Amino acid sequence: MRIIGLKEVAQKLQVSYKAATRIVNMEGCPKLPRSKWQTFRIPEEAFDAWVKGGCKS
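Here goes a summary of the coordinates provided. Computed from a prediction, not measured in an experiment: that's the story for all the values here.

## Thoughts on unusual backbone geometry
- Residue Gln14 is not a glycine yet carries a positive backbone phi of 55°.
- The residue Gln14 is located in the loop between helix H1 (6-13) and helix H2 (17-24) in this model.
- Residue class for Gln14 comes out exposed when judged on its relative accessible area of 73%.
- Notably, Trp37 is not glycine yet its phi reads approximately 80°, a positive angle.
- Summarising the element assignment, Trp37 is placed in the loop between H2 and strand S2 (42-43).
- Assessed through its relative accessible area of 77%, Trp37 is described here as exposed.

So this is what it looks like as structure tokens:
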């Protein structure tokens, strides 16, 4: 399982870092648990499937 961060999400979707943050905060977006102020950790395969599925929960 490959873990990516916001920078990689922004590059994959060709959006800004701020837009990537909003996308990752959407309900249903697969991400690993984190405490406030920690970086986002997103499983790449699950994220890709979520995006291909229309970003639905």
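## Observations concerning the packing of H1 against helix H3 (residues 44-52)
- Following both chains from N to C, one finds H1 and H3 inclined at 35°, their axes separated by 12 Å at the closest point. Our pair here, H1 against H3, has a crossing hand that is right-handed. Of the residues in H3, those touching H1 at Val9, Lys12 and Leu13 are Glu44, Phe47, Asp48 and Val51.
- Split into classes, the residues belonging to the contact of H1 with H3 amount to four nonpolar, no polar and three charged.

## Overview of the pattern of salt bridges
- Within this structure, the stated rule accounts for three salt bridges.
- Here Glu44 makes a salt bridge to Lys12, at a shortest N to O gap of 3.1 Å. Remark: Lys12 occurs in helix H1 and Glu44 occurs in helix H3; sequence separation between them is 32 residues.
- With its nearest N and O atoms 3.1 Å apart, the salt bridge here joins Lys12 to Asp48. Of this pair, Lys12 sits in helix H1 while Asp48 is found in helix H3, placing the two residues 36 residues apart along the sequence.
- A relative accessible area of 37% places Lys12 in the partly exposed class.
- When salt bridges with common partners are traced through the structure, they connect Arg2, Lys12, Glu44 and Asp48 into a single cluster.

Basis of the calculations
Residues numbered from 1 in each chain as written. Predicted model: local features only at pLDDT ≥ 70, side-chain atom pairs only at ≥ 80, totals over all residues. Heavy atoms only, no water. Helix = DSSP H or I, 4+ residues; strand = E, 2+ residues; numbered from the N terminus. Buried < 20%, exposed > 50% of the residue type's maximum accessible area, 1.4 Å probe, protein only. Axes fitted to C-alpha atoms, helices over the stretch in contact; angles between N-to-C directions. Left-handed = near helix turned anticlockwise from the far one by under 90°. Contact = heavy atoms within 4.5 Å. Nonpolar A, V, L, I, M, F, W, Y, C, P; charged D, E, K, R; others polar. Salt bridge = Lys/Arg side-chain N within 4 Å of Asp/Glu carboxyl O.

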